[in-house]
Structure formats: structure tokens, C-alpha cells
Amino acid sequence: MALWHVLEHLQDPVRIIGEASKRLKANGVLILAMPNPQSLQFKIFGRRWVHLDSPRHTSLMNPLALSEALHKYGLYLDELTYRDAGSLGWNRFGWVHSLRNLFKNRLLRVVAHCIGRALEVFLAPLERSGCRGAAYTLILRKG
């Protein structure tokens, strides 16, 4: 079962995950993906980070804290990654659009787009280490 960039749109994502866990058989897998509030981009852009996407995104969660909170539903961490294809794509999107959104002028937005692409390449090694990526994917297994 997958909840791919769904949870950040929900008022009570942990409860929804609990409901999803009821539908999993023993050893079943639940895959979750969402923006990472511990990301390098969030630290740099703060409230201007494009992945905050207020009011559409109502909750962002620390992946390790989320994983721990899900033990009560019998879900255990199988894998946590910031390097899957989807997460890496959100890194690029975050740099480009967070910078572009700082400007109204069309020319400055084009320049910001180019700088965002350069930052994405330059900072890729840093974002791919630790928990610094713009998004994460959690793979949980029902015990």
C-alpha cells in the first residue's frame, strides 16, 4: 500500500496511517513519502520554502519521529531514504521554485531558475547525505 505525498495534505495523518495499517496483512508493506521538515532547503528558505505549500500542506513530520509513532499500529521501519528518484526530483523542484518565488520580475525569475538548477547540482552530495533532502520515503512493514 502506498501514500505517496498524501499525508502532508491531511489534518490527522497518523490516524490515517493507523487505518491503513488495519488493511495490511502480517509482513505487509506501507510506503509513505512526504516533504522533509529537516531538509537543508527548509533551513535556508524557512517560511518561503516551496514545499511548505500552505494552505494545501497542513502537516510535515520528522521521518524518524513518525516511524516511532507508528509502532503503536504494528508498523516498523524497513527503510528510510532521501535518495529515491521521487525525492531527488523534489530536491531540484525545491531549489528552483523556492528561488523563483522570491521574485516578481520575469527576468529575475529566469535568473533564479538557473541559479536553482546550479544549486541543485552543487548541493546534491550534501542533500543526499544525512536527512537533508527535500523529501523522504519511508518503507514500513507490519509486524
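Please refer to the structure placed before this passage.
Residues numbered from 1 in each chain as written. Predicted model: local features only at pLDDT ≥ 70, side-chain atom pairs only at ≥ 80, totals over all residues. Heavy atoms only, no water.

S.K.: Describe helix H4 (residues 85-100), with residues and values.
M.R.: Between its first and last C-alpha atoms H4 spans 23 Å; for 16 residues at 1.5 Å apiece the expected length is 22 Å, and the two agree. Ser 87, Asn 91, Gly 94, Trp 95, Val 96, Ser 98 and Leu 99 are the residues of H4 that are buried. Those residues of H4 hidden inside the fold are in contact with helix H2 (40-45), strand S3 (75-81), helix H5 (106-127) and strand S4 (135-142). (Helix = DSSP H or I, 4+ residues; strand = E, 2+ residues; numbered from the N terminus. Expected span 1.5 Å × (residues − 1). Buried < 20%, exposed > 50% of the residue type's maximum accessible area, 1.4 Å probe, protein only. Contact = heavy atoms within 4.5 Å.)

S.K.: Account for the pattern of salt bridges, with residues named and values stated.
M.R.: Considering all chains together, one arrives at 5 salt bridges under this definition. Note that Arg 15 and Asp 12 form a salt bridge whose closest N and O atoms lie 3.7 Å from each other. (Salt bridge = Lys/Arg side-chain N within 4 Å of Asp/Glu carboxyl O.)

S.K.: Tell me about a nonpolar patch on the surface, and please be specific about residues and values.
M.R.: A cluster of nonpolar residues, Leu 102, Phe 103 and Leu 108, forms a patch on the protein surface that exposes about 230 Å² of accessible area. Checked against the element boundaries, Phe 103 lands in the loop between H4 and H5. (Patch = residues over 30% accessible without salt bridge, like charges linked within 9 Å, V, L, I, M, F, W, Y side chains within 5 Å. Areas by Shrake-Rupley, 256 points an atom, 1.4 Å probe, with all protein chains shown as cover.)

S.K.: I'd love a proper account of the environment of Arg 83, names of residues and values included.
M.R.: Its location among the elements puts Arg 83 in the loop between S3 and H4. A sequence separation of 23 residues divides Arg 83 from Arg 106, and the C-alpha atoms of the two residues are 32 Å apart. When neighbours within four sequence positions are excluded, Arg 83 is seen to be in contact with Leu 88 and Arg 128.

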